[in-house]
Amino acid sequence: MASVPCLVSLSLCLLVLSHACSAQLEQVTSQHGWTRVRGEQRRGEGYSLDECQFSRLSAREPDRRLTSEAGVTDVWDENDDQFRCAGAAALRHTIEERGLLLPAYTNAPKLVYVDQGQGYHGAAIPGCAETFQSQEESQQQQDPRQGFRDQHQKIRKVREGDVIALPAGVADWFYNDAQTPLVLVQIMDTSNPANQLDNNFRQIQGQRGQFSGQGFQRGESQSQSRRGGSGGQEQRSGNIFQGFDEQFLAEAFNVDTDLARRMKNENDNRGVIVRVEDRLQFLTPEFSEEERSEYQRGRPANGVEETFCSARLKQNINDPSRADVYNPRAGRITSVNSHNLPILRSLRLSAQKGHLYQNAIMAPHWNINAHSICYFTRGTGRVQIVDENGRSVFDGEVREGQILTAPHNFAVVKRAGGEGLEWVAFKTNDQAKISQLAGRVSSMRAFPEEVIANSFQVSREEARRLKFNRDEVTLFSPGSRSQYRA
């Protein structure tokens, strides 16, 4: 084969697997490694270049577990190379009936996927008014003798398949009002410009037992949990109020010092998920007559609520009717990005839900402008990932509960097992794109037959088969060669 010029694009090199171009690309990789610039966002900042050049990836299960009064929290080790270099952290909350995930805020934007169950979510958007109030509250403002009623910011009902987007520094909470567990998978974009510290994940909450990139407080490893052993010496950690003088707190909240002291929860060991004795009471959108009346009037209380405070934070990606790609013999793909959930534009994140039927294949492709952090929600399958030099960095089985990162520009192919395969992919770009290597909208279809024939040293007839034998888009139905063995 003739020598390929050094300016040949990376995508073409992935396609033709040119050895001459691979040598050139190794020089480019040595200059840039995994550290890349996405707008102002820097991925893998603080890592040396050699540390971010993977020879092998792995499908990871959680490394640590925190047991709370009304649930458990599983955390993946963010110091693992695939998380560190992608600039992300991952955790999973399992909330029992009447469990309340305590209010907390993080140092990075995050996406939350509701993997199972249903419940309620509240977010305290800084500077926004408490727009949910009852008729009694409005009357009480006119007549102080009447009983006091609560008022708060908007609360959203969430269900399986919802993706919730939250900016850095926004305190939020979840509550499970159902009899089945509420399972939440969270990805934090620690390399986002909103995080002005290091790349460690930090979650600050009003309760004991929080966790951060410095380690898991009161946590234990999954292996220790299965053996029933201790997670090592307990590290005491408290809520954010514990660091303040109680007199300052009393003055700031205009309460007595006894109540200010109790805010510190110094002897409270319930963890980050607590059980509510009676069902949580709050104003809900379903029963808010004021909200319905406001919508009927066609105008919010003021312009701030209209443009920011009432911004839509969630979208469901489990609904088959919303699928962006659908093949009745192979499965469906549904995406949420800044086009259909505008808040993602400021977060610079997006998500995609994939559902492959038995033995079906997702077209081999590469991620053009984002890392793809896949959490597998159902079933089993096989995934292969190949780097820019044509080396396999992952070839193995994946199953429910694991996370696998497909780095930017690495090529990926997925095949479902006998039970099918489902996943949610968190992407580090609000308009993440892929380029397919096979199928009707692939790069192969875009090239003339002669280019394909000369690239792979095959006949024109063979080039024609490579180009046209697969006429499906993105999701391929299983054929005689598509029998997967777990």
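Residues numbered from 1 in each chain as written. Predicted model: local features only at pLDDT ≥ 70, side-chain atom pairs only at ≥ 80, totals over all residues. Heavy atoms only, no water.

J.: Explain the overall build of the chain to me, please; I cannot follow it from the model alone.
T.: Assigned secondary structure in the chain consists of 13 helices and 30 strands. For the chain, the proportion of its 486 residues judged to be buried stands at 51%. Pairs at least 24 apart in sequence give 75% of the contacts found in the chain among residues at least 6 apart. Counting only carbon and sulfur atoms, one obtains 47% of the accessible surface of the chain, whose full area is about 23,400 Å². (Helix = DSSP H or I, 4+ residues; strand = E, 2+ residues; numbered from the N terminus. Buried < 20%, exposed > 50% of the residue type's maximum accessible area, 1.4 Å probe, protein only. Contact = heavy atoms within 4.5 Å. Areas by Shrake-Rupley, 256 points an atom, 1.4 Å probe, with all protein chains shown as cover.)

J.: Got a minute to help me understand the confidence of the model for the chain in this structure?
T.: Detailed reading of predicted coordinates is not advised where the pLDDT is low. Put simply, the chain has an average pLDDT of 78, and 72% of its residues get 70 or more. Across residues 1-43 the pLDDT falls below 50, and counting only partners more than four positions away or on other chains, this stretch makes 82 contacts in the model. Contacts of residues 212-220 to residues separated by more than four positions or lying in other chains number 36 contacts, the stretch itself having pLDDT below 50. (pLDDT = per-residue confidence, 0-100.)

J.: Just checking my understanding: could you explain the packing of helix H12 (residues 449-456) against helix H13 (residues 460-468) for this structure?
T.: Packed helices, taken two at a time, are described by their axes: the angle between them and the distance between them. Across the interface, H12 lies against H13 with an axial gap of 8 Å and an inter-helix angle of 110 degrees. As far as their axial angle goes, H13 and H12 are roughly perpendicular. From H12, Glu449, Glu450, Ile452, Ala453 and Phe456 reach across to H13, where they touch Arg460, Ala463, Arg464, Leu466, Lys467 and Phe468. A per-class count over the contact of H12 with H13 returns 6 nonpolar, no polar and 5 charged. (Axes fitted to C-alpha atoms, helices over the stretch in contact; angles between N-to-C directions. Parallel < 35°, antiparallel > 145°, perpendicular 65-115°, else oblique. Nonpolar A, V, L, I, M, F, W, Y, C, P; charged D, E, K, R; others polar.)

J.: When you look at unusual backbone geometry in this model, what are you seeing that I'm missing?
T.: Most of the time, phi is negative for any residue but glycine, and the peptide bond is trans. Of note in this structure, Asn359 is not a glycine but carries a positive phi near 65 degrees. By secondary structure assignment, the location of Asn359 is in the loop between strand S23 (350-356) and strand S24 (361-367). You can call Asn359 buried: its relative accessible area is 7%. The phi dihedral of Gln457 is positive, around 55 degrees, even though this residue is not glycine. You can see Gln457 is positioned in the loop between H12 and H13.

J.: I would appreciate a short explanation of the pairing of strand S6 (residues 99-106) in the present structure.
T.: Taken residue by residue, a regular strand's side chains alternate between the two faces of the sheet. Along S6, 6 of the 8 residues are buried, which leaves the element largely enclosed by surrounding structure. Sheet analysis places S6 next to strand S19 (residues 273-275), joined by 3 bridges and oriented antiparallel. Directly across from Gly99, in S19, lies its bridge partner Arg275. When S6 meets strand S13 (residues 171-175), the two strands line up antiparallel, connected through 3 bridges. Looking at S13, one finds that Leu100 is bridged to Tyr175. (Pairing = 2+ DSSP bridges.)

J.: What's the story with the environment of Arg279 in this structure? I'm lost.
T.: Within the element layout of this structure, Arg279 appears in the loop between S19 and helix H8 (289-297). Given the relative accessible area of 40%, Arg279 is considered partly exposed. Separated by 103 residues in the primary sequence, Arg279 and Asn176 place their C-alpha atoms 9.5 Å from one another. Apart from the residues within four sequence positions on either side, Arg279 is in contact with Glu97, Arg98, Tyr175 and Asp177.

J.: Which parts of the structure should I look at to understand helix H6 (residues 246-253)?
T.: Because an α-helix completes one turn every 3.6 residues, residues spaced three or four positions apart along the sequence face the same direction. Near the N-terminus of H6, the side chain that reaches the backbone nitrogen of Gln247, with its oxygen 2.8 Å away, is that of Asp245. Of the residues flanking the end of H6, it is Asn254, one or two places downstream, whose phi is positive at about 60 degrees. (Polar contact = N/O pair within 3.5 Å; in protein donor to acceptor, adjacent residues only side chain to side chain.)

J.: Explanation requested: the packing of aromatic side chains in the structure shown.
T.: Counted according to the given criterion, the structure contains 2 aromatic pairs. For the ring pair Trp76 and Tyr375, a centre distance of 6.0 Å and an interplane angle of 90 degrees mean the geometry is edge-to-face. Note that Trp76 is positioned in the loop between strand S4 (71-75) and helix H3 (81-86) and Tyr375 in strand S25 (residues 372-386), a separation of 299 residues in sequence. With a relative accessible area of 2%, Trp76 lands in the buried category. Between Phe241 and Phe253, the aromatic rings sit 6.0 Å apart at their centres with planes inclined by 75 degrees, giving edge-to-face as the arrangement. Taken together, the residues Phe241 in the loop between helix H5 (222-227) and H6 and Phe253 in helix H6 connect sequence positions 12 residues apart. (Phe/Tyr/Trp six-rings, centres within 6.5 Å; stacked < 30°, edge-to-face > 60°.)

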